[in-house]
Amino acid sequence: MADTVADVVLARLRDWGVEQVFGYPGDGINGLLASWGKAHDDPRFIQVRHEEMAAFAAVGYAKFSGGLGVCAATSGPGAIHLLNGLYDAKLDHVPVLAIVGQTSRSAMGGSYQQEVDLESLYKDVCSDYVQTCMVPEQLPNLLDRAIRVALSEHAPTCVIFPSDVLEMAYEPPQHAFKHVPSSLGMYEQTPMPSRDGLQAAADLLNAGERPAILVGQGARGCVAELTQIADLLGAGVAKALLGKDVLPDDLPWVTGSIGLLGTTASEAMMSRCDTLLTVGSNFPYTQFLPGLDQARGVQIDRSAKWIGMRYPYEVNLVGDARTSLRELIPLLNRKPDRRWREDIEDEVAKWHELARRRAMVDAHPINPMRIFHELSERLPENAIITADSGSSANWYARHLVFHGDVRGSLSGTLATMGPAVPYALGAKWAHSDRPVIAFAGDGAMQMNGMAELITVGRYWQRWSDPRLVVVVLHNNDLNQVTWEMRAMSGAPKFEESQSLPDVDYAAFARSIGLEAINVDHVDQLGGAWEAALAAQRPMVLDVRCDPDVPPIPPHTTFEQAKATATALLHGDEDAWDVVREGVKQKAQEYLPRGKGSKS
Ligand SMILES: Cc1ncc(C[n+]2csc(CCOP(=O)(O)OP(=O)(O)O)c2C)c(N)n1
Ligand SMILES: [Mg+2]
């Protein structure tokens, strides 16, 4: 029997090295599902609970594998459900291909059941490439371009298939008028800045006395080069959120995260530096960068689309990070005066001590920072960490001490709730031999994390290392927003919108065959981590934490954020007590009448 279009879609994905597709079925892609059966599930069809999770899992896979994530959904509602995950890919610059169904060509334009104008709907999220395959001859070109564009632009792309086209006999494009033959593959691109640009950058960096480096995810894979440049310049390195795994946190000159989720050491370095080198980062909160006329700046970014904004850089170098840094190194002079570097290292040491002290403060029942601190003490050096949007993003950024080859990510730019567990699934398909740890708030678990635990339950036996730990920050509150309301809007907690129904996440996990521990007291935490990291199957740690520990500084306006954050972060050894007292008083003002503080 002749191959159908759907058969060739799967064959082409295999040719591109796609090993799995995260998806959910529906009759808009029935033809594809039939071919999947014929192809003996190659590439693997990973069935999630909801199409948004398919897109998140594809993003997680792409983030941790460095390759293309692929998701599939049916027409209409399935395609609509994918959107939030695809926006996550778009905003965090991740290559993801979406394959979606459409109603049959004979019905298109007839307001048919499940007919949605998908090209219009996807025009923004897949602005780099979205096309509908109307005849078989288009197929290889559409699919190949969608993949090449996704990989080269680090963006989501989409190919839409009317259901009848999937079931047609495949006809390849001919050597003929108005046919578009296609080809597979593409070597990696490594754009290189010009020699003039490199020299201008080197001159600027050599002239500075107090240089600071900021790295983002675009600097991944440059540990050796960044180490050498930081040494030559006598600089420290701060990391934007998505660049947390670009350099380990246990290096004495790495100041850690920056911004509202940042450390005292990054703050100190950025507020005093006279030179800024930014590599592969689009960190948007410019108020945490040096003052606009405080420092001279160089930026290196892979694309001219993303360079030159956020700071008045004097030298903008478009180039691959590693190639550019390698070319820059021979042009740099080693700074003989090491005092600035020593100051930074002092600040880093102080920060680690402050972070430890904060994590050790008693809370009721558990200080959430302690969860992260206890993991840092035991973190396997090949672990992969995901975190959700919510208070856990704060603790992930500040309190997890990455070392070795630890990888980590979250929804950095869309900051959507919900990706922690599906990202972890994607991570497992990227590296089934590595332990994966997901941090999610109870709100995120109720939104979709619990549903995706079911997917974990279905697949974990296929992973060579079965450890996937889901840590639930169980505070019965949408805590991040509760604190944002208090701090930024001066509004009390609005119980109706903020409090959450109490759920036993551990019991739920056990009911679907996973292991789980209810952690209700701080003394159980260390043991719970030991058990989770030694477990022979995925485990949920359901940790009761204190919603009165503020994930953000208790400032009242956004302008005050930086000042207050700085004041809090630079405190002396009693700083945390002072902060906590202040926060409690503030919380007290905001608590509904009759509900006292808990201490
Ligand atoms: C899809 C989506 N809806 C709403 C928000 C706004 N939001 C950000 S964090 C948060 C609260 C998260 O609560 P939870 O998951 O319980 O984590 P916690 O902050 O309590 O640790 C909300 C509602 C969002 N970022 N994404
Ligand atoms: Mg919560």
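Let me sum up the structure you'll find in this document. (Residues numbered from 1 in each chain as written. Chains lettered and ligands numbered in written order. Predicted model: local features only at pLDDT ≥ 70, side-chain atom pairs only at ≥ 80, totals over all residues. Heavy atoms only, no water.)

Check the secondary structure of the protein chain and you find 22 helices and 18 strands. Taken over C-alpha atoms, the radius of gyration comes to 25 Å for the protein chain, in line with the 25 Å a tight globule of 599 residues would show. With respect to the principal axes defined by its C-alpha atoms, the protein chain has extents near 75 × 65 × 45 Å. Of all 599 residues assigned to the protein chain, the portion counted as buried reaches 58%. Counting only contacts in the protein chain whose residues sit at least 6 apart along the sequence, the fraction spanning at least 24 positions is 75%. Surface accessibility of the protein chain: about 23,000 Å² in total, with carbon and sulfur atoms responsible for 50%. When the 54 positive and 75 negative side-chain charges of the protein chain are each reduced to one mean point, those points stand 1 Å apart. (Helix = DSSP H or I, 4+ residues; strand = E, 2+ residues; numbered from the N terminus. Rg over C-alpha atoms; globule rule 2.2 N^0.38 Å. Buried < 20%, exposed > 50% of the residue type's maximum accessible area, 1.4 Å probe, protein only. Contact = heavy atoms within 4.5 Å. Areas by Shrake-Rupley, 256 points an atom, 1.4 Å probe, with all protein chains shown as cover. Lys, Arg positive; Asp, Glu negative; His and termini not counted. Charge placed at Lys NZ, Arg CZ, Asp CG, Glu CD.)

If you walk through the whole model with that rule in mind, you get 10 aromatic pairs. With centroids separated by 6.4 Å and ring planes inclined at 55°, the aromatic side chains of Phe22 and Tyr61 adopt a geometry described as tilted. One end of the pair, Phe22, is in strand E1 (residues 20–23); the other, Tyr61, is in helix H3 (residues 51–65), with 39 residues separating them in the sequence. As far as the burial class goes, Phe22 and Tyr61 line up, both buried. Of the aromatic side chains, those joined through ring pairs into one cluster are Phe372, Phe439 and Trp529. Lys244 extends its terminal NZ or CZ atom over the ring of Tyr396, reaching a point 5.8 Å from the ring centre. The residue whose ring lies beneath Lys244 is Phe402, and the NZ or CZ to ring-centre distance is 4.7 Å. (Phe/Tyr/Trp six-rings, centres within 6.5 Å; stacked < 30°, edge-to-face > 60°. Lys NZ or Arg CZ within 6 Å of the ring centre and 35° of its normal.)

Another aspect to go through is the environment of Pro172. The topology assignment puts Pro172 in the loop between helix H7 (163–167) and helix H8 (195–207). Overall, Pro172 belongs to the partly exposed group, its relative accessible area being 36%. Each C-alpha atom, one on Pro172 and one on Leu251, is 55 Å from the other, the two residues being 79 residues apart in sequence.

Within the largest apolar cluster, 59 residues are counted, with the highest numbers of intra-cluster contacts made by Cys71, Leu82, Leu86, Val100, Tyr122, Met445 and Val470. With residues up to four places along the chain from it excluded, the contact list for Val100 reads Ile29, Ala73, Ala79, Leu82, Leu118, Tyr122, Cys158, Val159, Ile160 and Phe161. Counting 39 residues, the second-largest nonpolar core is a separate cluster that includes Ala359, Ile371, Phe372 and Ala532. (Core = buried A, V, L, I, M, F, W, Y, C linked by side-chain atoms within 4.5 Å.)

Inspection of the region around ligand 1 gives 17 residues, with Ser391, Asp442, Gly443, Asp477 and Asn479 positioned closest. At 2.7 Å, a backbone N or O of Asp477 approaches an oxygen atom of ligand 1. Against a free-state accessible area of 590 Å², the protein chains account for coverage of 77% of ligand 1. Where the shell around ligand 1 is concerned, the elements lending two or more residues are helix H16 (442–459) and helix H17 (479–489). When the residues that make up the shell around ligand 1 are grouped by side-chain class, the tally is six nonpolar, nine polar and two charged. (Near = heavy atom within 4 Å. Polar contact = N/O pair within 3.5 Å; in protein donor to acceptor, adjacent residues only side chain to side chain. Nonpolar A, V, L, I, M, F, W, Y, C, P; charged D, E, K, R; others polar.)

Below, the discussion takes up the coordination of the magnesium ion (ligand 2). The protein atoms that coordinate the magnesium ion (ligand 2) are Asp442 (OD), Asn475 (OD1) and Asp477 (O), at distances of 2.0 to 2.1 Å. Written as a sequence motif, the donor residues of the magnesium ion (ligand 2) are D-x32-N-x1-D. Like Asn475, the residue Asp477 is buried in the burial classification. (Donors = N, O, S within 2.8 Å, 3.2 Å for Na, K, Ca; no water.)

Let us now look at the pairing of strand E15 (residues 436–441). On a regular strand, one side chain projects to one face of the sheet and the next to the other, so that they alternate. Where burial is concerned, most of E15 is hidden: five out of the six residues are buried. Direction of pairing for strand E13 (residues 384–387) relative to E15: parallel, over a ladder of four bridges. If you follow Ile384 over to E15, its bridge partner there is Val436. Here E15 runs beside strand E16 (residues 468–474); their pairing, made up of six bridges, is parallel. If you follow Val436 over to E16, its bridge partner there is Leu468. Traced from E15 through H16 to E16, the parallel crossover comes out right-handed. (Pairing = 2+ DSSP bridges. Right-handed = clockwise from strand over helix to strand, strands pointing away.)

What follows is about the sheet that holds strand E3 (residues 69–73). Strand order in the open sheet made by the six strands is E2-E1-E3-E4-E6-E5, with parallel pairing throughout. Two strands bound the open sheet, and with one partner strand each, they are strand E2 (44–47) and strand E5 (130–132). Across the sheet, the mean angle separating the axes of adjacent strands is 25° when strand polarity is ignored. In terms of strand pairing, E3 meets strand E4 (residues 96–102) through five bridges, oriented parallel. The partner of Cys71 across the bridge, within E4, is Ala98. Running over the sheet, helix H6 (residues 139–153) touches E4, E5 and strand E6 (156–162) and is turned about 160° from E6. (Axes fitted to C-alpha atoms, helices over the stretch in contact; angles between N-to-C directions.)

Take the sheet that holds strand E14 (residues 407–410) next. Spatially, the six strands line up as an open sheet ordered E14-E13-E15-E16-E18-E17, and their pairing is parallel. Either end of the sheet is taken by a strand with one partner, and the two such strands are E14 and strand E17 (515–519). The average undirected angle you get between the axes of adjacent strands in this sheet is 15°. Both E16 and strand E18 (residues 539–544) contribute to a ladder of six bridges, which runs parallel.

Under the criterion given, the structure shown has 28 salt bridges. Put simply, Asp249 and Lys244 hold a salt bridge, and the shortest N to O gap is 3.1 Å. Classification of Asp249 by relative accessible area gives buried; the value is 6%. Using a relative accessible area of 4% as the deciding quantity, one classes Lys244 as buried. Here Arg272 and Glu347 are joined by a salt bridge, their closest N and O atoms 3.0 Å apart. Of this pair, Arg272 sits in helix H10 (residues 264–272) while Glu347 sits in helix H12 (residues 339–360), and the two are 75 residues apart along the sequence. Glu347 sits in the buried class, given a relative accessible area of 11%. (Salt bridge = Lys/Arg side-chain N within 4 Å of Asp/Glu carboxyl O.)

Here we come to the packing of helix H1 (residues 5–15) against H6. Interhelical geometry of H1 versus H6 gives an angle of 35° and a closest axis separation of 11 Å. The chirality of how H1 crosses H6 is right-handed. Across the interface between the two elements, Val5, Val8, Val9, Arg12 and Leu13 from H1 touch Leu139, Pro140, Leu143, Asp144 and Ile147 from H6. Tallied by class, residues from the contact of H1 with H6 come to eight nonpolar, no polar and two charged. (Left-handed = near helix turned anticlockwise from the far one by under 90°.)

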